[in-house]
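Chain residues, written in single-letter form:
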Amino acid sequence: MEDRYSVQALTNPLRYLAPFFQGLPETVVEQALTHLVTRTHPANQVILLENDWGGSVYFIIEGWVKIRTYNLEGKEVTLNILGKGELFGEMAALDEVPRSTDVITLTSTIIGSMPAQDFVKLLQTEPMAGVRLAQLMARRLRQINRRLRLRESDSQSRVADTLLFLAEGQGKKGEEGIKIPNLPHRELSSLSGLARETVTRVLTRLEKKGLIKREQEVICIPDLSALEKMIV
């Protein structure tokens, strides 16, 4: 399915694309989104494949995707989970090399694709767009560094850190705390580098301690600082 969102809807900082476009001049955003095309994708659909050449940058309007690669043994490794307001595909657009990872939808997802040349032109003409992109890349690098440091930690620390990782990137503040997507345990397993059974046991333990509350679609973290204390 293909359609076009109005520029007014896309530039609403409270609803769509806020992390990147918020604060940019409306005329600049309007011009950048001239050729933006949106498509609705079902769950488990491959959006990008590793080694594809990058002709577009993608913005998630609704839904969730995972960024994956494979280790030397051929095992799938989930590198990140991205949701509404996030972008991906920017690296290939900037350095004109093939994609370095796969991107697959986790749910029914609406994605807007912007031609790479329009994205690069936006960065060249609007300094704040470059700052936004630098902030995004710095946050992702910081998250990866933290996860690498915890690879030798115990299972509880690694699951707690994975939940905090999702809270930083995709957390939504609610009355009972920060809510994150209740992902399948296989995804949490891949993110944390632990067996699925281990992830299940740790989540049950954290829930019994009142550190998380699991619902059908979300996990609620009542107190982020209390969960952080579980990391040793």
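Keep in mind it's a predicted model, so treat the numbers as computed, not measured.

> In this structure, what is going on with the layout of surface pockets? I would like to understand it.
Over the atoms rolls a probe the size of a water molecule, and its path tells where empty space is left. Space inside the largest pocket adds up to approximately 540 Å³. Around the largest pocket, the lining comprises 22 residues; the ones closest to its centre are E90, M91, S100, T101 and R140. The set of elements that each furnish at least two residues to the lining of the largest pocket consists of β6 (76-82), β7 (87-88), α4 (90-95) and α6 (127-149). In the lining of the largest pocket, the residues fall into 14 nonpolar, 4 polar and 4 charged.

> Before we go on, may I ask you to explain the UniProt feature "domain: Cyclic nucleotide-binding" (unreviewed entry) in the protein in this structure?
Following the UniProt record, one finds the feature "domain: Cyclic nucleotide-binding" (unreviewed entry) at residues 20-140. For residues 20-140, helix accounts for 32% and strand for 34%, while the C-alpha atoms at its two ends are 14 Å apart.

> I keep staring at the sheet that holds strand β10 (residues 172-174) and nothing clicks. Help me out?
Strand pairing within a sheet occurs via backbone hydrogen bonds; the two strands may be parallel or antiparallel. Sheet architecture is open: 4 strands sit in the order β10-β11-β13-β12, paired in antiparallel fashion. One side of each edge strand has no neighbouring strand; the edge strands of this open sheet are β10 and β12 (213-214). Here 2 bridges tie β12 to strand β13 (residues 218-221), and the two strands are oriented antiparallel to one another. Each residue of the ladder has a partner; that of R214, found in β13, is I219. Along the sheet, helix α7 (residues 155-170) makes contact with β10, β11 (177-181) and β13, crossing β11 at roughly 95 degrees.

> Before we go on, may I ask you to explain the packing of α6 against α7 in this structure?
Between two packed helices, the angle of one axis relative to the other and the distance separating the axes together describe the packing. It is at 11 Å that the axes of α6 and α7 come closest, and there the two elements cross at 175 degrees. Relative to α7, the element α6 lies roughly antiparallel. Where α6 approaches α7, its residues R139, R142, Q143, R146 and R147 are matched on the opposing element by D161, L164, F165, E168 and G169. Broken down by class, the residue content of the contact of α6 with α7 amounts to 2 nonpolar, 2 polar and 6 charged.

> Would you mind going over empty space enclosed by the protein with me for this structure?
Under the defined criterion, the tally for this structure stands at 3 cavities of 30 Å³ or more. Its volume calculated, the largest cavity comes out at about 60 Å³. Lining the largest cavity, in full, are R147, L150, R151, R158, D161, T162, L191 and S192. At the level of secondary structure, the elements contributing two or more residues to the lining of the largest cavity comprise α7 and α8 (185-192). For the lining of the largest cavity, the leading source of residues is α7, giving 3 residues. By residue class, the composition of the lining of the largest cavity is 2 nonpolar, 2 polar and 4 charged. Estimates place the volume of the second largest cavity at around 50 Å³. Forming the walls of the second largest cavity are N80, I81, L82, E86, R139, R140, Q143, F165, L166, G169 and Q170. For the lining of the second largest cavity, the secondary-structure elements that each account for two or more residues are β6, α6 and α7.

About the thresholds
Residues numbered from 1 in each chain as written. Predicted model: local features only at pLDDT ≥ 70, side-chain atom pairs only at ≥ 80, totals over all residues. Heavy atoms only, no water. 1 Å grid on protein atoms, 1.4 Å probe; cavity = no way out; pocket = protein on both sides within 12 Å on 5 of 7 lines; lining within 4 Å. Points joined across faces, edges and corners; volume = space filled by probe spheres on them. Helix = DSSP H or I, 4+ residues; strand = E, 2+ residues; numbered from the N terminus. Nonpolar A, V, L, I, M, F, W, Y, C, P; charged D, E, K, R; others polar. UniProt positions renumbered as here; feature names shortened; annotations may be inferred. Pairing = 2+ DSSP bridges. Contact = heavy atoms within 4.5 Å. Axes fitted to C-alpha atoms, helices over the stretch in contact; angles between N-to-C directions. Parallel < 35°, antiparallel > 145°, perpendicular 65-115°, else oblique.

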